[in-house]
Amino acid sequence: MVKFLIATHGFLADGFKSSINVLMGEEIADSVSCVNAFVENGTDDPKGEIKKHCEDIKNDEYLIILTDVMYGSVNQFALPYVNNKNIFVVTGVNFPLIMEIISKLTFAGDDVEVNKEILDDIVEKSKDQLICVDCINEDASTDDFFE
């Protein structure tokens, strides 16, 4: 079983989860935990919450921690756990990357094996989703999009 933890500064994690609910459904969104760090009414102890999620992982489970900023404090809270063979940290996340990771690992079934190669492949492919739309085709009209 693969578990997901989105940990970000502010309420970005909850925003990602809300979008997951809209596009992937409530059942998938309910499988995602969030840490909203350093904001009023957010996670009281983000470091402790990340630690708790990591310590609760069983030998037959995986935890994918998705963070917002590589050198930010939230990501630093997760780094002590990267040497655990069942815990992986992916940072600098955006919504297409999160959707790809969750869909690929959720729909693969309970016997899915998560490893660095699978995650690195997803990260590399997600870079194609970063597009300056104005740079694609300056002749394109927004009216053409809906026809």
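Quick summary incoming for the structure in this document. Residue numbers here run from 1 along each chain, matching the order of that chain's written sequence. Owing to the predicted nature of the model, reporting of local features is limited to residues with pLDDT of at least 70; listing and counting of side-chain atom pairs is limited to 80 or more, with chain, interface and lining totals taken over all residues. Just so you know, side-chain values use all the structure's heavy atoms and leave hydrogens and water out.

## What about helix H6 (residues 116–126)?
At step 1: Leu119, Ile122 and Ser126 are the residues of H6 that are buried. For H6, the buried positions fall inside an angular range of 60° around the axis, keeping them on one side. Every exposed residue of H6 that faces more than 90 degrees away from the buried side is listed here: Lys116 and Glu117.
At step 2: Residue contacts are defined here by distance: any two heavy atoms, one from each residue, within 4.5 Å place the two residues in contact. Secondary structure elements follow DSSP: runs of H or I of four or more residues count as helices, runs of E of two or more count as strands, with numbering from the N terminus. Where H6 is buried, its residues touch strand E3 (62–67), strand E4 (87–91) and helix H5 (95–106).
At step 3: With a side-chain oxygen positioned 3.0 Å from the backbone nitrogen of Glu117, the residue opening H6 is Asn115. Per-residue accessibility, obtained with a 1.4 Å probe over protein chains only, is compared with the maximum for each type, and a residue is labelled buried under 20%, exposed over 50%, and partly exposed between these values. Starting at the helix axis, one direction is taken to each C-beta atom, and the arc is that of these directions. Polar contact is defined as a pair of N or O atoms within 3.5 Å, subject to the rule that within protein one atom must be able to donate a hydrogen and the other to accept it, and that residues adjacent in sequence are counted only when both atoms are side-chain atoms.

## Comments concerning the nonpolar core
At step 1: Core analysis: the biggest nonpolar cluster contains 26 residues, and Ile20, Ile64, Ile101 and Leu105 have the highest contact counts within it.
At step 2: Those elements giving two or more residues to this core turn out to be strand E1 (2–9), helix H1 (12–24), helix H2 (26–30), strand E2 (32–37), E3, E4, H5 and H6.
At step 3: Of all the elements, H5 adds the most residues to this core, at six residues.
At step 4: Once residues lying within four places of it in the same chain are set aside, the contact partners of Leu105 are Val2, Phe4, Ile64, Val112, Val114, Ile118 and Leu119.
At step 5: Ranked by size, the runner-up nonpolar core spans 14 residues in total, among them Cys54, Leu63, Ile65 and Phe77. Only buried Ala, Val, Leu, Ile, Met, Phe, Trp, Tyr and Cys residues count toward a nonpolar core, and they belong to the same one when joined by side-chain atoms within 4.5 Å.

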